[in-house]
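Secondary and tertiary structure notes
Okay, here's what each chain looks like letter by letter:
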Amino acid sequence: MSSSLPRIGLTPVPASPYDGRAPEVDGSLALDPRPLVWGPPGAVPDERKLRHLGQALAEVLAGRRPPETVADRLTERAYRELVKAGRMIDSRRPPFAGAPHIKEPRDGAIEMCLLVHCDPRSHVLAIRLERRGVQWLCTDFETA
């Protein structure tokens, strides 16, 4: 007589994304210190890294993280705009970026938007990234 109950197995522990190094932590988010690199053209972006970038930008726009902590992930123009924008998200608690919605309008460009949960209201954060060599850099952002 065989049992029709599902079998439960152990889930393996995922490998650390930090290659044995401790993450750099500034504020509420640990950013991988390596640049955003996803391999050859057409490679699928790592959604977790994109969400972390969105989270970090939301924290900068909420005044909870210094902009210097994301400078290496933005073009010079986008970084100047981020510094000039200052605090655009008003929140009594730290912002929380949801899962990114990602589109690739052309090879070498990614556009994503995230819902940033704040108090008293949520915001939308749109980010455009472009491939520069093998690295992806934020070239523009917008929030509402």
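Coordinates for the structure precede this section.
These remarks concern the structure in this document. Model, not experiment: these values are computed from the prediction. (Residues numbered from 1 in each chain as written. Predicted model: local features only at pLDDT ≥ 70, side-chain atom pairs only at ≥ 80, totals over all residues. Heavy atoms only, no water.)

Overview of the overall build of the protein chain
Which entries qualify depends on this criterion: Only DSSP runs of H or I reaching four residues or more are called helices, and only runs of E reaching two or more are called strands; each is numbered from the N terminus. Type-normalised accessible area, obtained with a 1.4 Å probe on protein chains alone, sets the label of each residue: buried when under 20%, exposed when over 50%, and partly exposed for intermediate values. Whether two residues touch is decided by their heavy atoms; if any such pair falls within 4.5 Å, the residues are in contact.
Check the secondary structure of the protein chain and you find two helices and seven strands. When the elements of the protein chain are put in sequence order from the N terminus, they spell out β-β-α-α-β-β-β-β-β. Considering the protein chain as a whole, with its 144 residues, one finds that 39% of them fall into the buried category. The long-range fraction of contacts in the protein chain, counting pairs at least 24 apart against all pairs at least 6 apart in sequence, stands at 50%.

Remarks on the environment of S91
Formally: Polar contacts, as used here, are pairs of N or O atoms within 3.5 Å; protein pairs need one atom able to donate a hydrogen and one able to accept it. Residues neighboring in sequence count only if both atoms are side-chain atoms.
For S91, the position within the fold is in the loop between α2 (76–85) and β3 (96–97). C-alpha of S91 to C-alpha of D119: the two residues are 28 residues apart in sequence and 5.0 Å apart in space. Not counting chain neighbours up to four residues away, the residues in contact with S91 comprise R64, C118 and D119. Within the local environment of S91, its side chain forms a polar contact with the backbone oxygen of R93, the two atoms lying 2.4 Å apart. Within the structure, S91 has its side chain in polar contact with the backbone nitrogen of D119 (distance 3.4 Å).

Comments concerning the pairing of strand β5 (residues 109–117)
Basically, it comes down to this: The criterion for strand pairing is that DSSP finds at least two bridges linking the strands in question.
As paired elements, β3 and β5 share two bridges and run antiparallel to each other. Bridging from a neighbouring strand, A97 pairs with V116 of β5. The hairpin turn running from strand β4 (residues 101–106) into β5, its antiparallel successor, is two residues long, and G108 in that turn takes a positive phi close to 90 degrees. Here eight bridges tie β5 to strand β6 (residues 123–132), and the two strands are oriented antiparallel to one another. Note on β6: the bridge partner recorded for V116 is H123. The hairpin turn running from β5 into β6, its antiparallel successor, is five residues long.

Concerning the nonpolar core
How we decide: Take the buried residues of types Ala, Val, Leu, Ile, Met, Phe, Trp, Tyr and Cys, join any two whose side-chain atoms come within 4.5 Å, and each joined set is a nonpolar core.
Ranked by internal contacts, the top residues of the largest apolar core, which has 25 residues, are L57, V70, L74, L82, L125, I127 and L129. Only α1 (47–61), α2, β5, β6 and β7 (135–143) provide two or more residues apiece to this core. Tallying contributions element by element places α1 first for this core, with seven residues. Once you skip the residues sitting within four places of it in the chain, L125 turns out to touch G54, L57, A58, L61, M112, C113, L114, V116, E142 and T143.

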